[in-house]
Amino acid sequence: MSLPASKGFEVGSGFPGTLLTGIEHNDPFYIDEDGRTRTKTNRSGGIQGGISNGETIVIRVAFKPTSTIARSQETVTRDGVETELLARGRHDPCVLPRAVPMVESMVALVLADHLMQQIAQCSLLPEDEEAAINPLGPKPQDHSILSQK
């Protein structure tokens, strides 16, 4: 995903997860009381190997502070002359009000894109629905967009 002013993007345990050992970060699967396959901690953030595992997708995005502020700043001209620059015009002191809808929209676009790829790929290779294995367990998930026909 390409988001202006973003400097870091984490899925699940993110950057702190890189400090764990493999066994500490392991996220074992189990069958819940409804017969669905789940993970115990969701350290993977709902994504494993680029594929949703059915858990809640957890992402975090870090943004840099706004550098264009209404304060004189040192700079260098194209001719190599040191000078000061005072930004004029409307500049936001914080990207946060715009960041939330921007991130939500980008995530929605990426998920929709992958959903369309999944539907297109599965439509090319039709599968007998009666014989198909439900990867989320024996109980159908009525709220899933894929369960709606």
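Residues numbered from 1 in each chain as written. Predicted model: local features only at pLDDT ≥ 70, side-chain atom pairs only at ≥ 80, totals over all residues. Heavy atoms only, no water.

## What to know about the overall build of the chain
Step number 1: Scanning the chain from N- to C-terminus turns up 3 helices and 8 strands.
Step number 2: Mapped from its N terminus to its C terminus, the chain presents α and β elements in the order β-α-α-β-β-β-β-β-β-β-α.
Step number 3: Counting the 149 residues in the chain, one finds 15% classified as buried.
Step number 4: Summarising the internal contacts of the chain: among those between residues at least 6 apart in sequence, 49% fall at separations of at least 24.
Step number 5: Total accessible area on the chain is roughly 11,800 Å²; 58% of this is exposed by carbon and sulfur atoms. (Helix = DSSP H or I, 4+ residues; strand = E, 2+ residues; numbered from the N terminus. Buried < 20%, exposed > 50% of the residue type's maximum accessible area, 1.4 Å probe, protein only. Contact = heavy atoms within 4.5 Å. Areas by Shrake-Rupley, 256 points an atom, 1.4 Å probe, with all protein chains shown as cover.)

## Let's talk about unusual backbone geometry
Step number 1: The backbone of Ala-5 sits at a positive phi, close to 75°, despite the residue not being glycine.
Step number 2: The residue Ala-5 is located in the segment before β1 (6-11) in this model.

## Some remarks on the confidence of the model for the chain
Step number 1: Of all residues in the chain, 80% attain a pLDDT of 70 or more, and the chain-wide mean is 82.
Step number 2: No element of the chain has a lower mean pLDDT than strand β5 (residues 51-52), which averages 82, and none a higher one than helix α1 (residues 14-17), which averages 93. (pLDDT = per-residue confidence, 0-100.)

## A look at the side chain of Glu-10
Step number 1: Its location among the elements puts Glu-10 in strand β1.
Step number 2: A distance of 3.1 Å separates a polar side-chain atom of Glu-10 from the backbone nitrogen of Phe-15. (Polar contact = N/O pair within 3.5 Å; in protein donor to acceptor, adjacent residues only side chain to side chain.)

## A closer look at the pattern of salt bridges
Side chains that differ in charge, positive against negative, can pair when their charged atoms come close.
Step number 1: One pass over the full model with this rule turns up 5 salt bridges.
Step number 2: The closest approach of N and O atoms between Asp-32 and Arg-36, which form a salt bridge, is 3.2 Å.
Step number 3: By relative accessible area, which is 8% here, Asp-32 ends up buried.
Step number 4: When its relative accessible area of 21% is taken as the criterion, Arg-36 is described as partly exposed.
Step number 5: For the salt bridge of Asp-32 with Arg-38, the shortest nitrogen-to-oxygen distance reads 3.7 Å.
Step number 6: One continuous salt-bridge network, built from bridges that share partners, spans Asp-32, Asp-34, Arg-36, Arg-38 and Glu-55. (Salt bridge = Lys/Arg side-chain N within 4 Å of Asp/Glu carboxyl O.)

## Thoughts on the environment of Glu-10
Step number 1: Its relative accessible area of 15% is what places Glu-10 among the buried residues.
Step number 2: Distance from Glu-10 to Ala-62, taken between C-alpha atoms, is 8.5 Å for residues 52 residues apart in sequence.
Step number 3: Here Glu-10 is in contact with Phe-15, Pro-16, Val-58, Ile-59 and Arg-60, once residues within four sequence places are set aside.

## Points about the side chain of Ser-13
Step number 1: Within the secondary structure layout, Ser-13 lies in the loop between β1 and α1.
Step number 2: In this structure the side chain of Ser-13 is engaged in a polar contact, spanning 2.5 Å, whose partner is the side chain of His-25.
Step number 3: Setting aside residues no more than four positions away along its own chain, Ser-13 makes contact with His-25, Arg-43 and Arg-60.

## Re the pairing of strand β8 (residues 82-85)
Step number 1: Of the strand pairs in this sheet, strand β7 (residues 73-76) and β8 are connected by 4 bridges, and their pairing is antiparallel. Directly across from Thr-75, in β8, lies its bridge partner Thr-83.
Step number 2: Between β7 and β8, which pair antiparallel and follow one another directly, the connecting turn spans 5 residues, one of which, Gly-80, has a positive phi of 85°. (Pairing = 2+ DSSP bridges.)

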